[in-house]
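One letter stands for each residue in the lines below.
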Amino acid sequence: TVTNDSSDAWLRPAFSEIYRVLRRDAFCVTFYGWPAADLFLSAFRQAGFRPVSHLSFVKNYPSFTGYTRAQHEVAYVLAKGAPAKPKDPIPDVLTWRYSGNKLHPTQKPLSVLVPLVLSFSTFDALVLDPFCGSGSSLVAAQTVGRQFVGIEIDAAHADAARRPLAAYEPGSAP
């Protein structure tokens, strides 16, 4: 289970704070659960964000099975102000390689996160992940030379996130 995943009470306050601390003319990339898309969009807009793109990540396995087999992940690219478009835009449909979810139930693969960090942050940017889970986004930032800050409410997951950061070797492939 993921702490606080049983309620959406955190959503609006969290994105209001994310908007507040994000520098002007910058991006926020956020994964979300599609069944709650309306809640997420409402929270994003109330905070001041403007959705500028939607990303789909195709998986070769289902995360769960309901009315269909869920074989994709989704994320929004949100803008604060008017950030410059990426010089080399990434596709909005990308391949997802299974990480094994060894460190966190919603662990993201580096092969997904590195292109996001490169596309939606500048070299002098600070990458903030306020729900850092396994720390994959922080390793992605570290891999491409960005400074980063991660926040995780669950102490066990925070400890797990520290391990790949400590093991990182510059020049290693994601």
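Residues numbered from 1 in each chain as written. Predicted model: local features only at pLDDT ≥ 70, side-chain atom pairs only at ≥ 80, totals over all residues. Heavy atoms only, no water.

*Asks:* If you had to explain a nonpolar patch on the surface to someone new, which residues and values would you point to?
*Replies:* A contiguous nonpolar surface patch, about 410 Å² in accessible area, is contributed by Val-21, Leu-126, Leu-128, Val-149 and Ile-151. Checked against the element boundaries, Ile-151 lands in the loop between β6 (147–150) and α5 (155–167). (Patch = residues over 30% accessible without salt bridge, like charges linked within 9 Å, V, L, I, M, F, W, Y side chains within 5 Å. Areas by Shrake-Rupley, 256 points an atom, 1.4 Å probe, with all protein chains shown as cover. Salt bridge = Lys/Arg side-chain N within 4 Å of Asp/Glu carboxyl O. Helix = DSSP H or I, 4+ residues; strand = E, 2+ residues; numbered from the N terminus.)

*Asks:* Can you tell me about helix α4 (residues 136–143), naming the residues and giving the values?
*Replies:* Within α4, seven of the eight residues are buried, leaving the element largely enclosed by the surrounding structure. Within α4 the residues assigned to the buried category are Ser-136, Ser-137, Leu-138, Val-139, Ala-140, Ala-141 and Thr-143. Here the buried face of α4 lies against α3 (110–120), β5 (126–129), β6 and α5. Of the residues flanking the end of α4, it is Gly-145, one or two places downstream, whose phi is positive at about 80°. (Buried < 20%, exposed > 50% of the residue type's maximum accessible area, 1.4 Å probe, protein only. Contact = heavy atoms within 4.5 Å.)

*Asks:* Talk me through the nonpolar core; I want residue IDs and the actual numbers.
*Replies:* Within the largest apolar cluster, 19 residues are counted, with the highest numbers of intra-cluster contacts made by Phe-31, Leu-55, Phe-57, Trp-96, Val-112 and Leu-116. Of all elements in the fold, only β1 (26–31), β2 (50–58), β3 (72–80), α3 and α4 reach the threshold of two or more residues within this core. Take this core: its biggest share by element is six residues, from α3. One finds Leu-11, Phe-15, Phe-44 and Phe-49 within the second-largest nonpolar core, a separate group that totals 17 residues. (Core = buried A, V, L, I, M, F, W, Y, C linked by side-chain atoms within 4.5 Å.)

*Asks:* Could you give an account of the pattern of salt bridges, naming the residues involved and the relevant values?
*Replies:* Using the criterion set out here, one finds four salt bridges in the structure. In this structure, Lys-59 and Glu-73 form a salt bridge, with 2.7 Å as the shortest nitrogen-oxygen distance. Pair noted here: Lys-59 is in the loop between β2 and β3 and Glu-73 is in strand β3, with a separation of 14 residues, a long-range link.

*Asks:* A description of the packing of helix α1 (residues 11–21) against helix α2 (residues 37–47) should follow, citing residues and the corresponding values.
*Replies:* α2 packs onto α1 with a crossing angle of 40° between their chain directions and a minimal axis gap of 8 Å. Considered as vectors, α1 and α2 are oriented oblique to each other. You can see that α1 and α2 cross each other, and the crossing is right-handed. Where α1 approaches α2, its residues Leu-11, Arg-12, Phe-15, Ser-16 and Tyr-19 are matched on the opposing element by Leu-39, Phe-40, Ser-42, Ala-43, Phe-44, Gln-46 and Ala-47. (Axes fitted to C-alpha atoms, helices over the stretch in contact; angles between N-to-C directions. Parallel < 35°, antiparallel > 145°, perpendicular 65-115°, else oblique. Left-handed = near helix turned anticlockwise from the far one by under 90°.)

*Asks:* Would you mind going over unusual backbone geometry in detail, with residue names and values included?
*Replies:* A positive phi is found at Asp-25, a non-glycine position, where the angle reads about 55°. With respect to the helices, strands and loops of the structure, Asp-25 is situated in the loop between α1 and β1. Owing to a relative accessible area of 36%, Asp-25 belongs among the partly exposed residues under this scheme.

*Asks:* Residue-level account of the sheet that holds β3, with values.
*Replies:* Taking strand neighbours across the sheet as the criterion, the four strands line up as β1-β3-β2-β4 in an open arrangement whose pairing is mixed. Each end of this open sheet is capped by a strand with a single partner; those strands are β1 and β4 (93–95). Pairs of neighbouring strands in the sheet enclose a mean axial angle of 25°, with direction left out of account. Sheet analysis places β2 next to β3, joined by eight bridges and oriented antiparallel. Across the sheet, residue Ser-56 finds its bridge partner in β3, namely Val-74. Lying on the sheet, α2 is in contact with β1, β2 and β3; it crosses β3 at an angle near 15°. (Pairing = 2+ DSSP bridges.)

*Asks:* Run through the packing of α3 against α4, naming residues and quoting values.
*Replies:* Two numbers describe how α3 lies on α4: the axes approach to 9 Å, and their chain directions differ by 55°. On the basis of the axis angle, α3 is oblique to α4. Of the two elements, α3 crosses α4, and the hand of that crossing is right-handed. Judged by residue contacts, Leu-110, Leu-113, Val-114 and Val-117 of α3 engage Ser-136, Ser-137, Val-139, Ala-140 and Ala-141 from α4.

*Asks:* Can you tell me about the pairing of β1, naming the residues and giving the values?
*Replies:* For β1, the tally of buried residues reaches five of six residues, placing the bulk of the element in the interior. The sheet contact formed by β1 and β3 spans six bridges and is antiparallel. Among the inter-strand pairings, Ala-26 is bridged to a residue of β3, identified as Lys-80.

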